[in-house]
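Working through the structure, step by step
So you can see what is in the structure, the chains are spelled out below.
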Amino acid sequence: MSVNSADREGQVDVVLVKAGRTKMRYPATLLQDDGTRITVRADFASDKPRDFGFVRFEPGDVFTEYYWRDRWYAIKAVHTSQGTLKGWYCDIARPATFQGTELVVEDLDLDLWRSADGTDIRRLDEDEFEESGLRHRDPEAAAAALAALTELELLAHSGDFESLLT
């Protein structure tokens, strides 16, 4: 099986990398891998709530996460433990890769939030992106990241956001 084979099943570890270091690692269940898009399900990866002000992630929340090998973002549908959709948290990241049983995603600091009802759409962490120095270190990656953020924001506002996930 090749490193990026679509023949995977079972448990994987999602490894979020930022600036060359592992930022977070958590177990997930692989739901689908069609060779381009990888879908996993994972419980919220903390035993303490995380309040962003516009949404609160809590122990028991379930994330259905969509990663692409050819797109510069990942989309995470966030549900309560009872199954109610809170919204979508989108990470701008380099295309995902598998390394053994690890799904590796390099976070590029930019994020987008879309509430379940679509009334709250916001760009996040643009200051972190600017401070990261990516524009100077890797201008092509920075341009791809900004284009991905703009694409997601337009889709979120147009009401066609869900089309990416079907």
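Look up a bit, the structure's there.
Here's a quick rundown of the structure. (Residues numbered from 1 in each chain as written. Predicted model: local features only at pLDDT ≥ 70, side-chain atom pairs only at ≥ 80, totals over all residues. Heavy atoms only, no water.)

1. Details of the overall build of the protein chain
For the protein chain, the count of helices and strands is three helices and 11 strands. In the protein chain, the order of α-helices and β-strands from amino to carboxyl end is β-β-β-β-β-β-β-β-β-β-β-α-α-α. For 166 residues, the compact-globule estimate of 2.2 N^0.38 gives 15 Å, and the protein chain sits close to it at 15 Å. Dimensions of the protein chain, computed from the C-alpha atoms along their principal axes, are close to 45 × 40 × 30 Å. Every one of the 166 residues in the protein chain was classed for burial, and the buried ones make up 45%. Across the protein chain, the fraction of contacts at a sequence separation of at least 24, relative to all contacts at a separation of at least 6, is 46%. Summed over all atoms, the accessible surface of the protein chain reaches about 8,500 Å², with 47% contributed by carbon and sulfur. (Helix = DSSP H or I, 4+ residues; strand = E, 2+ residues; numbered from the N terminus. Rg over C-alpha atoms; globule rule 2.2 N^0.38 Å. Buried < 20%, exposed > 50% of the residue type's maximum accessible area, 1.4 Å probe, protein only. Contact = heavy atoms within 4.5 Å. Areas by Shrake-Rupley, 256 points an atom, 1.4 Å probe, with all protein chains shown as cover.)

2. Brief notes about the pairing of strand β11 (residues 121-124)
Where strand β10 (residues 102-115) and β11 come together, four bridges link them in antiparallel fashion. The partner of Asp 111 across the bridge, within β11, is Leu 124. Linking β10 to β11, which pair antiparallel, is a turn of five residues; within it Gly 118 sits at a positive phi near 80 degrees. (Pairing = 2+ DSSP bridges.)

3. Here's the deal with helix α3 (residues 139-158)
For α3, which comprises 20 residues, the first-to-last C-alpha distance of 29 Å matches the rise-based estimate of 28 Å (1.5 Å per residue) to within 8%. For α3, every residue scored as buried is listed here: Ala 141, Ala 142, Ala 144, Ala 145, Ala 148, Leu 149, Leu 152, Glu 153, Leu 155 and Ala 156. Burial along α3 is one-sided: seen end-on, the buried residues are contained in an arc of 170 degrees. Set apart from the buried face of α3 by more than 90 degrees, the exposed residues are Pro 139, Glu 140, Leu 154, His 157 and Ser 158. Turning to α3, the residues buried within the fold contact β7 (73-79), β8 (85-93), β10, β11, α1 (126-132) and α2 (134-137). (Expected span 1.5 Å × (residues − 1). Arc of directions from axis to C-beta.)

4. Some points on the nonpolar core
Counting residues in each nonpolar core, the largest one holds 25 residues, and the members touching the most others are Tyr 73, Ile 75, Ile 92, Leu 152 and Leu 164. For this core, the secondary-structure elements that each account for two or more residues are β6 (62-68), β7, β8, β10 and α3. Excluding residues that lie within four positions of it along the chain, Tyr 73 makes contacts with Trp 68, Asp 91, Ile 92, Ala 93, Ala 148, Glu 151, Leu 152 and Leu 164. By size, the runner-up hydrophobic cluster in this structure holds 16 residues, among which are Val 14, Leu 16, Ala 42 and Phe 98. (Core = buried A, V, L, I, M, F, W, Y, C linked by side-chain atoms within 4.5 Å.)

5. Focus: the side chain of Thr 80
Mapped onto the elements of the fold, Thr 80 is located in the loop between β7 and β8. Apart from residues no more than four positions distant in its own chain, Thr 80 is found in contact with Gly 60, Asp 61 and Lys 86.

6. Quick word on the environment of Glu 128
Residue placement: Glu 128 occurs in helix α1. Remark: the alpha-carbon pair of Glu 128 and Leu 108, spanning 20 residues in sequence, is separated by 9.0 Å. Contact partners of Glu 128, with chain neighbours within four places excluded, come to Lys 18 and Asp 109.

7. Considering the pairing of strand β3 (residues 37-43)
Regular strands place their side chains on alternate faces of the sheet. Counting buried residues in β3 gives five out of seven residues, a clear majority hidden from the surface. Pairing of strand β2 (residues 21-33) with β3, which is carried by four bridges, proceeds in the antiparallel orientation. The residue of β3 that forms the bridge with Thr 29 is Arg 41. Hairpin connection of β2 to β3: three residues between the antiparallel strands, including Gly 35 at a positive phi of 100 degrees.

8. Some details on the environment of Thr 29
Relative to the assigned elements, Thr 29 resides in strand β2. When its relative accessible area of 33% is taken as the criterion, Thr 29 is described as partly exposed. Distance from Thr 29 to Arg 41, taken between C-alpha atoms, is 5.2 Å for residues 12 residues apart in sequence. Excluding anything up to four places from it in sequence, Thr 29 contacts Gly 10, Gln 11, Thr 39, Val 40 and Arg 41.

Bear in mind that shape data such as this cannot, by itself, settle questions of function.
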